[in-house]
Amino acid sequence: MICLLTLPPVPLELKSPLSFRTRAQQQQHSHPFSQTLRSHTVPHKTLTGGGTATTTVTNVALSEHNDLNAAEEDEPLPAELNEELMPNHVAVIMDGNGRWAKQRGLPTSAGHQAGSRSLRELVEICCKWGIRVLTVFAFSYDNWIRPKVEVDFLMNLFEREIKSQMQKFVSEGIRISVIGDSSKLPQSLQKLISDAEEKTKDNSRFQLIVAASYSGKYDIVQACKSLACKVKDGVIQLEDISESLVEQELETNCTEYPYPDLLIRTSGELRVSNFLLWQLAYTEFFFVKELWPDFGKAEFVEALISFQQRQRRYGARLS
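Basis of the calculations
Residues numbered from 1 in each chain as written. Predicted model: local features only at pLDDT ≥ 70, side-chain atom pairs only at ≥ 80, totals over all residues. Heavy atoms only, no water. Axes fitted to C-alpha atoms, helices over the stretch in contact; angles between N-to-C directions. Helix = DSSP H or I, 4+ residues; strand = E, 2+ residues; numbered from the N terminus. Parallel < 35°, antiparallel > 145°, perpendicular 65-115°, else oblique. Left-handed = near helix turned anticlockwise from the far one by under 90°. Contact = heavy atoms within 4.5 Å. Nonpolar A, V, L, I, M, F, W, Y, C, P; charged D, E, K, R; others polar. Disulfide = S-S within 2.5 Å. Buried < 20%, exposed > 50% of the residue type's maximum accessible area, 1.4 Å probe, protein only. Pairing = 2+ DSSP bridges. Salt bridge = Lys/Arg side-chain N within 4 Å of Asp/Glu carboxyl O.

Trainee: Lay out the packing of helix α4 (residues 148–171) against helix α5 (residues 187–200) with the relevant residues and their values.
Mentor: Interaxial distance between α4 and α5 falls to 10 Å at its minimum, and their mutual angle equals 15 degrees. Taken together, the axis directions place α4 and α5 in an arrangement best described as roughly parallel. Every pair of crossing elements has a handedness; the one defined by α4 and α5 is left-handed. Residues Met155, Phe158, Glu159, Ile162, Lys163, Met166, Phe169 and Val170 of α4 lie in contact with α5, whose contacting residues are Ser188, Leu189, Leu192, Ile193, Ala196, Lys199 and Thr200. Here the contact of α4 with α5 is composed, by residue class, of 10 nonpolar, 2 polar and 3 charged.

See the structure below:
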């Protein structure tokens, strides 16, 4: 699940791995569960002499994105949606960049660039429509087994993206959080992440959580280890361990809304791929056939309409 906020043209081809309570329900339940993209082509050149792939990707994202910004600065919530039933936290498995590029005869890097545009616009839509948290699966812990050249490229890309997006996060009130096993990340990237989280920690308009070097199994294991250490040190007793204590140790303790209300997965795949396994216990799922670069506002509205039509019981029987 690899998709970052912006992606400059690169020669390396990559394969994309990759709380709902309503506003009203928040006051009634103590339980914590509480883009405008259409497909577009990317002009390119392919092989040059010596077998080295050279790709020129026209960055339509910036100009079109700026136009979209100006046109939709005060964009209202679509009439089909009920403001009181909007999710607080949406999670997305951004899947299909590689397939999108392959279908168009483009290198996978072009798919990542198209996918990055989808992510930027989804972040803007979430901000405007009052969604509080967006968690995206950017780089799975399981992706470390990929070729070193690919992993190194992705780590360098992540660093560039943090640098290029930082001012926007600060000026627009966006808090950035990164979850996952950061010990596996390069030291320089770890420092950039730490600085970004520190600079934006007081931003409250919207929170973007990027799952990098993350897996649901890893998250649960690290939470168990943390609790085991507290038992060993006498901080808590074994009998004290509860679901609540486990939840406090999960990586999503960085947000007020740790449980996604809605999970969206693109590309037609029907699995969660080791993503937020504990946190998705009562999440509503929505799967779409569109590949991630083709996922836009219309598809997002469709997902939200479906979500708002569902009854969430949390195990109870509603009369």
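Trainee: Let's hear about the state of the cysteines: which residues, and what values?
Mentor: For the coordinates displayed, the defined rule picks out 0 disulfides. Its sulfur unpaired, cysteine 127 is 7.1 Å from the next cysteine sulfur, which belongs to cysteine 126.

Trainee: Describe the pairing of strand β2 (residues 133–140), with residues and values.
Mentor: The side chains of a regular strand alternate, first on one face of the sheet and then on the other. Across the 8 residues of β2, 8 count as buried, placing the element largely inside the fold. Here strand β1 (residues 89–93) runs beside β2; their pairing, made up of 4 bridges, is parallel. Bridge pairing links alanine 91 to threonine 135 in β2. Looking at chain direction, β2 and strand β4 (residues 206–214) are connected through 7 bridges and run parallel. Bridge assignment links serine 140 to a residue of β4, and that residue is tyrosine 214.

Trainee: A description of the pattern of salt bridges should follow, citing residues and the corresponding values.
Mentor: Taken as a whole and judged by the stated rule, the model has 14 salt bridges. With a shortest N-O distance of 3.9 Å, arginine 104 and aspartate 294 are connected by a salt bridge. In this pair, arginine 104 sits in the loop between α2 (97–103) and α3 (108–129) while aspartate 294 sits in the loop between β6 (284–287) and α8 (297–308), placing the two residues 190 residues apart along the sequence. Overall, arginine 104 belongs to the partly exposed group, its relative accessible area being 28%. A salt bridge links arginine 271 to glutamate 269; its shortest N-O distance comes to 3.0 Å. For arginine 271, a relative accessible area of 45% translates into the label partly exposed. Residues joined by salt bridges that share partners form a network here, namely Asp95, Arg99, Arg265, Glu269 and Arg271.

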